[in-house]
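# Reading the structure
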Amino acid sequence: MREKLKRSARNDRMFFRVVPEILIYQVITKIMLFVIVMALKQNALLVLYHTGRSALTSGDLPFLLRTKGGIVLALIGIIVLVVYTVFDVNAMFILADSVLYQRKKSWWIVLKEAFVSLKYFTHPQGLFVTLYLSLLGPLIGTAVGFSFMVGFSAPNFVLTYISSKPWLRALVILGVMLYVFVAGIYVFTILNVVFQKEKINVAMKSSRKMVTENWRVFLFSMLIFLLKAFLIGLVLFVGLYGLPLNLIRMIPLSVEVSRTLKIFSLTVFSLVYFTYPLLLCPFLAIRITTLYKSFSGEKTVDLGERDYKIGWKRVAVVLALAIGLFSVYGAINFDEVFPISNNTKIVAHRAGGNLGTENTLSALQQSIDHKIPVAEIDVQRTLDGKYIVCHDSNLKKTTGREGNPTELTLQEVKSYSLKNHIYPWEEGEKISTLEEMLDASKGKIELFLELKGATADKQMVRDVYQMLKERDMVSTCTMICFNYDLIEYIEEVYPEVETGYLVYFSFGNLEELDCDTYIVETECLSSDEINRIHASGKKVGVWTVNTSSELNRWLLTPVDYVITDEVLTAKMLKKYIYNGEDEVRIIQTLMK
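If you're wondering where the values come from, they're calculated on a predicted model, not measured in any experiment. (Residues numbered from 1 in each chain as written. Predicted model: local features only at pLDDT ≥ 70, side-chain atom pairs only at ≥ 80, totals over all residues. Heavy atoms only, no water.)

## Some points on the overall build of the protein chain
Counting its regular elements, the protein chain contains 24 helices and 11 strands. Out of the 592 residues belonging to the protein chain, those deemed buried represent 47%. In the protein chain, 65% of the contacts between residues at least 6 apart in sequence involve partners at least 24 apart. When the accessible area of the protein chain is evaluated, it comes to approximately 29,700 Å², of which 63% is carbon and sulfur surface. (Helix = DSSP H or I, 4+ residues; strand = E, 2+ residues; numbered from the N terminus. Buried < 20%, exposed > 50% of the residue type's maximum accessible area, 1.4 Å probe, protein only. Contact = heavy atoms within 4.5 Å. Areas by Shrake-Rupley, 256 points an atom, 1.4 Å probe, with all protein chains shown as cover.)

## Here we look at the pattern of salt bridges
For the coordinates displayed, the defined rule picks out 16 salt bridges. The residue Glu-446 makes a salt bridge to Lys-345 at a minimum N-O spacing of 2.9 Å. A residue pair is termed long-range when its members are at least 10 positions apart, and Glu-446 in strand β5 (residues 446–451) and Lys-345 in strand β2 (residues 345–348) qualify at 101 residues. Residue classification places Glu-446 among the partly exposed positions, given a relative accessible area of 27%. A residue is classified by how much of its surface remains accessible, and Lys-345, at 27% relative accessible area, is partly exposed. Taking the shortest distance from any N to any O, the salt bridge between Asp-392 and Lys-397 comes out at 3.6 Å. Take Asp-392: its relative accessible area is 14%, and that puts it in the buried class. A single salt-bridge network, built from bridges that share partners, covers Arg-249, Lys-262 and Glu-583. (Salt bridge = Lys/Arg side-chain N within 4 Å of Asp/Glu carboxyl O.)

## Digging into the environment of Glu-511
Here Glu-511 lies in the loop between β8 (506–508) and β9 (517–521). Accessibility expressed as a relative area gives 11% for Glu-511, which makes it buried. It is 8.4 Å that separates the C-alpha atoms of Glu-511 and His-534, two residues lying 23 residues apart in sequence. Apart from the residues lying within four places of it in its own chain, the contact partners of Glu-511 are Tyr-518, Arg-532, Ile-533, Ser-536 and Lys-538. Engagement of the side chain of Glu-511 in a polar contact is seen with the side chain of Arg-532, the distance being 3.2 Å. (Polar contact = N/O pair within 3.5 Å; in protein donor to acceptor, adjacent residues only side chain to side chain.)

## Side note on the packing of aromatic side chains
For the coordinates displayed, the defined rule picks out 17 aromatic pairs. Arranged with centres 5.9 Å apart and planes meeting at 70°, the rings of Phe-188 and Phe-218 form a pair that is edge-to-face. One end of the pair, Phe-188, is in the loop between α8 (166–185) and α9 (189–196); the other, Phe-218, is in helix α11 (residues 215–250), with 30 residues separating them in the sequence. Using a relative accessible area of 10% as the deciding quantity, one classes Phe-218 as buried. With a centroid separation of 5.1 Å and 15° between ring planes, the pair formed by Phe-482 and Tyr-504 is classed as stacked. Linking Phe-482 in the loop between β6 (477–481) and α20 (484–493) with Tyr-504 in the loop between β7 (498–503) and β8, this pair joins segments that are 22 residues apart in sequence. Take Phe-482: its relative accessible area is 27%, and that puts it in the partly exposed class. Residue class for Tyr-504 comes out partly exposed when judged on its relative accessible area of 33%. Members of the aromatic cluster, each reached through a chain of ring pairs, are Phe-188, Phe-195, Phe-218, Tyr-292 and Phe-295. If you follow Arg-259 out to its NZ or CZ, it ends over the ring of Phe-334, 4.0 Å from the centre. (Phe/Tyr/Trp six-rings, centres within 6.5 Å; stacked < 30°, edge-to-face > 60°. Lys NZ or Arg CZ within 6 Å of the ring centre and 35° of its normal.)

## Considerations on helix α5 (residues 107–116)
Within the span of α5, buried status applies to Val-110, Leu-111 and Ala-114. Down the axis of α5, the sector holding all buried residues measures 95°, keeping them to one side. Away from its buried face, by an angle of more than 90 degrees, α5 presents the exposed residues Trp-108 and Lys-112. (Arc of directions from axis to C-beta.)

## Here we look at the side chain of Ser-117
Within the secondary structure, Ser-117 is located in the loop between α5 and α6 (124–139). Take Ser-117: its relative accessible area is 1%, and that puts it in the buried class. Separated by 2.8 Å, the side chains of Ser-117 and Asn-90 make a polar contact. When neighbours within four sequence positions are excluded, Ser-117 is seen to be in contact with Asn-90, Val-193 and Val-194.

## Side note on the packing of helix α22 (residues 548–555) against helix α23 (residues 567–578)
Where α22 contacts α23, the axes come no closer than 10 Å and their chain directions differ by 45°. Judged by the angle between their axes, α22 and α23 are oblique. As α22 packs across α23, the resulting crossing turns out to be right-handed. Seen from α22, the contacting residues are Ser-548, Leu-551, Asn-552 and Leu-555; seen from α23, they are Thr-569, Ala-570, Leu-573, Lys-574 and Ile-577. When grouped by side-chain class, the residues that make up the contact of α22 with α23 number 5 nonpolar, 3 polar and 1 charged. (Axes fitted to C-alpha atoms, helices over the stretch in contact; angles between N-to-C directions. Parallel < 35°, antiparallel > 145°, perpendicular 65-115°, else oblique. Left-handed = near helix turned anticlockwise from the far one by under 90°. Nonpolar A, V, L, I, M, F, W, Y, C, P; charged D, E, K, R; others polar.)

## A few points about the packing of helix α15 (residues 361–369) against helix α18 (residues 434–441)
Between α15 and α18, the shortest axis-to-axis distance is 10 Å and the interhelical angle comes to 20°. Here α15 lies roughly parallel to α18, going by the angle between them. As α15 packs across α18, the resulting crossing turns out to be right-handed. For the pair α15 and α18, contact is made by Leu-361, Leu-364 and Ile-368 and by Glu-436, Met-437, Ala-440 and Ser-441, respectively. When the residues that make up the contact of α15 with α18 are grouped by side-chain class, the tally is 5 nonpolar, 1 polar and 1 charged.

## Digging into the side chain of Glu-198
The topology assignment puts Glu-198 in the loop between α9 and α10 (200–213). In this structure the side chain of Glu-198 is engaged in a polar contact, spanning 3.2 Å, whose partner is the side chain of Ser-206. When sequence neighbours within four positions are dropped, the list of residues in contact with Glu-198 reads Tyr-120, Asn-192, Val-193, Ala-203 and Ser-206.

## Digging into the pairing of strand β10 (residues 539–543)
Extensive coverage of β10 is indicated by the burial of 4 of its 5 residues. Where β9 meets β10, 5 bridges bridge the pair, whose relative direction is parallel. Residue pairing in the sheet places Glu-521 in a bridge with Trp-543 of β10. In this fold, β9 hands off to helix α21 (residues 527–535), which returns the chain to β10; that crossover is right-handed. (Pairing = 2+ DSSP bridges. Right-handed = clockwise from strand over helix to strand, strands pointing away.)

In structure tokens, the structure reads:
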């Protein structure tokens, strides 16, 4: 074991000698990958247009299953996963083998061998491995393989719900542990397929045997690798972000010089921030390949000094000069290059977020008192055709009593008392009617009215519109819904009403859909989509953003609305960003 660990440590020192080779491969293959995926995307868009749609959203899931166009789009999605399997997994292990044994394979040969190995992934077990790598890991926050899945995770509203249930949180933690355990046991599966040409089931058995026979070395080596990766990341963060900025603040400098140094430091940090993941995954592949070869009895060779034709020192000097010139230009034209973006409106989720019991008049009043510009409430219809403000289809969670509000009369609904989660010792409020909410908000706060559940239909639209018109509140309320057919109906019949389409995910040209505002789950909105939506003259919001890091992230982007339960935190962060120091504006621009 000691000898194997020494050999593993020696290979660690070799990693940094192959950085240029890895970067060259990553740049070339990422360009190729971008071209291939864009071509597949264009084909998918053509299929989508032939179906008469400009975008595919979460409301169109049945379309994927029951139409030919939907099936073709699903197949294109599978092809994308297969392509990423070649570029991000199979080829990475072949590249690792090449650099460890000085096989000097060109990137073209590496990709060719990776494509050849794909035949082993065409049957159900192979497809399962591909899906396991691409989807399950990222959903529980453990993605290490596919570059396009970085940052992809479970939706925020799901994570918020899980966090609110201790038993469910414990179950998810156990699930993550099980995933990591299974991934560790079968970590050498793809290497057995690529190098030994074994079928998936045989490769899985071989991997299991190899890991169980060498589990101490494997576990210790992987832990050391992860610790080193964390420490290197920490050193880079402190050395390129924390330390330079603190030194600049401490030294008395003119505004222009201070800004120049800050721009230079943060630009370098941003480049490293985006480059580090490009190296981390290949280094992990090299580490796994090293262990695999070691357990198989093969020895790596000493890489020695690598001879590259590219003058990396010259590249570094040119890059530093370019960043320097950009820094000087940015400091001179600071307000133009790094403008303040502070038009985002905070939306209190379910009337007041954490300020009060959800969807109540008191929660709405809290939002008004704290000068929150917008509140979102949920509208449902009772059995006798009245409209109440209620989120769930069962009143058990909010009142402690069973009951479906759509199957109860208004009088019966009013017999329920909501639990007071903020002040449990106080008596809970009654469920509010929509009229009560409208009267309480008029002239004080804008409303997002979510047409909710099974009763969200054209009749609800007509009735709600009539209430708004009677109160002269059409211009201060936005009707939002997950049902796009209903949004189209509102746009057609009541064009003066602001509409908002709620989506979990989307593909295609979302901005071409007929609505005024797109309210998108945070994991599914890119800066490119934000720009396209704004270019079309429409608005965009994100939901439901409840962590400080996510709030900071979205308040630094030009979205129009951020829906949150953490209303006061969002308000404080927005004030800090608006009145923030230069580095906040610099980071905001660099991270767009």
